[in-house]
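Here is what each chain is made of, one letter per residue.
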Amino acid sequence: MAYIRSKDATLYYEEYGTGEPLILLTGLLGTIERHWRRFIPDFARQFHVIAVDLRGHGRTDNPSGTLRLHALVGDLFALYEALDLDSARICGYSLGGYIGLAFGVQHPGRVHALMMHASKFYWTPTAAAAAAEDLDAELIMEKAPQWAKQLQADHAFGSEDAWRTLVHSAREFIGTLPAEGLSEHALRLADFPVLVTVGDADDMIPRGEAERLTAALPNGTLEILPETPHPLQRVKKEVVLNRALMFFQNPWSLEELVRKHSQR
């Protein structure tokens, strides 16, 4: 087990393999174990893999009990500094992709390439309210007891009730995104290759939103993955893995540039 300090939090991370660094970021309410464990051995054959639990998630604490985008981006910066990383590839699922994008916008030159899988970018007040509606610990206990057990097991490092605090902070966090999240205008600063992937069976990310995001990125490419729902733990590993490896091996390949321009 390895930890670093990031202001008030103690971040848990794992390292595997050698080569160019590849950071794996989880989604909201996810962990390394839940989202990335089955991918790590394959990634580690070609890259120096660094997987991290977000603050308040898994083995990473969060003394403040709150989540904010600036703090999550700050945690990623602390990881870079602690591991002496000048630049890295980032593969982020859902919220992880959003964090990677925000980090790249705020820290020029530090992101070599970013893959955003199943990441929602456009957070209107209506979208945020809809997403936050089900993030209630008591409601989860009543309506989805198996999910409650999973959350309790995944986030029990601090205490048995740590998952309740996390669910509450996640609900509040989503509510801040319409005002505190990234603007489309800020994307002009994302001067690195970005692969936006979304599943054809993803019921959380409308294809139109993914297309709009890709078009707003200076170097964005969109790919719709077949037979792929939103939850990363339910996707066929090879579908996401193969696309990620192809992209990260050569983010600026002619294939990507041709694909990008053909979709605009």
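Conventions and cut-offs
- Residue positions are counted from 1 within each chain, in the order its sequence is given.
- Per-residue local features are limited, in this predicted model, to residues with pLDDT of at least 70; the limit for side-chain atom pairs, both in listing and counting, is 80 or more; totals at the level of whole chains, interfaces and linings are taken over all residues.
- Only heavy atoms go into the side-chain values, all of them from the structure, while hydrogens and water stay out.
- The helix and strand labels rest on DSSP assignments: H or I over at least four residues marks a helix, E over at least two residues marks a strand, and numbering proceeds from the N terminus.
- Any pair of N or O atoms that falls within 3.5 Å is considered a polar contact. Within protein, one atom must be able to donate a hydrogen and the other to accept it, and sequence-neighbouring residues count only if both atoms are side-chain atoms.
- What makes two residues a contact is simply this: any of their non-hydrogen atoms within 4.5 Å.
- Exposure categories follow from relative accessible area, calculated using a 1.4 Å probe and restricted to protein chains: below 20% of the type maximum is buried, above 50% is exposed, and the middle band is partly exposed.
- Here a helix's expected span is defined as the number of its residues, less one, multiplied by 1.5 Å.
- By nonpolar core we mean a set of buried residues, namely Ala, Val, Leu, Ile, Met, Phe, Trp, Tyr and Cys, connected to one another through side-chain atoms within 4.5 Å.
- A pair of aromatic rings is counted whenever rings of Phe, Tyr or Trp (Trp by its six-membered ring) have centres within 6.5 Å, and the orientation is called stacked for planes under 30 degrees apart, edge-to-face for over 60 and tilted otherwise.
- Placement of a positive charge over a ring is assigned whenever Lys NZ or Arg CZ falls within 6 Å of the ring centre and within 35 degrees of the normal to the ring plane.
- Here a cavity is any set of points on a 1 Å grid over the protein atoms alone where a 1.4 Å probe fits but cannot get out, and a pocket is any open set with protein on both sides within 12 Å along at least 5 of 7 lines; a residue lines the site when it has an atom within 4 Å of a point.
- Grid points are joined across faces, edges and corners, and a volume is the space filled by probe spheres set on the points.
- Amino acids are sorted into nonpolar (Ala, Val, Leu, Ile, Met, Phe, Trp, Tyr, Cys and Pro), charged (Asp, Glu, Lys and Arg) and polar (every other residue, Gly among them).

With respect to the side chain of histidine 230
Relative to the elements of secondary structure, histidine 230 occurs in the loop between strand E8 (220-229) and helix H10 (237-249). Side chain to side chain, histidine 230 and aspartate 202 meet in a polar contact 2.9 Å long. Those residues within four positions of histidine 230 in sequence are excluded, and the remaining contacts are Tyr93, Ser94, Ala118, Ala201, Asp202, Asp203, Met204 and Ile205.

Topic: unusual backbone geometry
One non-glycine residue, lysine 7, lies in positive phi territory at about 55 degrees. Along the polypeptide, lysine 7 turns up in the loop between strand E1 (2-6) and strand E2 (9-16). The exposure class assigned to lysine 7 is exposed, which follows from its relative accessible area of 80%. Backbone geometry at aspartate 84 places phi at a positive 55 degrees, although glycine is not the residue there. If you trace the backbone, aspartate 84 turns up in the loop between helix H3 (69-82) and strand E5 (88-93).

Some points on H10
Here H10 contains 13 residues, and its C-alpha end-to-end distance of 18 Å stays within 8% of the 18 Å for a straight helix at 1.5 Å per residue. Those residues of H10 that sit buried are Val240, Leu241, Arg243, Ala244, Leu245, Phe247 and Phe248.

Section: the nonpolar core
One finds Ile23, Leu76, Tyr80, Ile90, Ile99, Leu101 and Leu213 to be the most contacted residues of the largest nonpolar core, which totals 62 residues. What isoleucine 99 contacts, discounting residues up to four positions off in sequence, is Leu25, Leu54, Leu69, Leu72, Val73 and Leu76. The next biggest cluster of nonpolar side chains, apart from the first, holds 27 residues, and it includes Leu195, Leu225, Leu241 and Phe247.

A short note on the packing of aromatic side chains
The description of an aromatic ring pair rests on the distance of the ring centres and on the angle between the ring planes. Under the defined criterion, the tally for this structure stands at nine aromatic pairs. Measuring from ring centre to ring centre gives 6.5 Å for phenylalanine 47 and phenylalanine 248, while their planes differ by 80 degrees; the resulting arrangement is edge-to-face. Remark: phenylalanine 248 occurs in helix H10 and phenylalanine 47 occurs in the loop between helix H2 (40-44) and strand E4 (48-52); sequence separation between them is 201 residues. As far as the burial class goes, phenylalanine 47 and phenylalanine 248 line up, both buried. The ring centre of tyrosine 12 lies 5.1 Å from the NZ or CZ of arginine 59, which sits over that ring. Lysine 120 extends its terminal NZ or CZ atom over the ring of tryptophan 123, reaching a point 5.6 Å from the ring centre.

Overview of empty space enclosed by the protein
By the definition in use, this model includes two cavities of 30 Å³ or more. Taken as a whole, the largest cavity encloses approximately 80 Å³ of empty space. Looking at the largest cavity, the residues that line it are Leu11, Leu25, Val52, Asp53, Leu54, Arg55, Leu72, Asp75, Leu76 and Ile99. Here the element with the most residues in the lining of the largest cavity is H3; it accounts for three residues. Classifying every residue of the lining of the largest cavity gives seven nonpolar, no polar and three charged.

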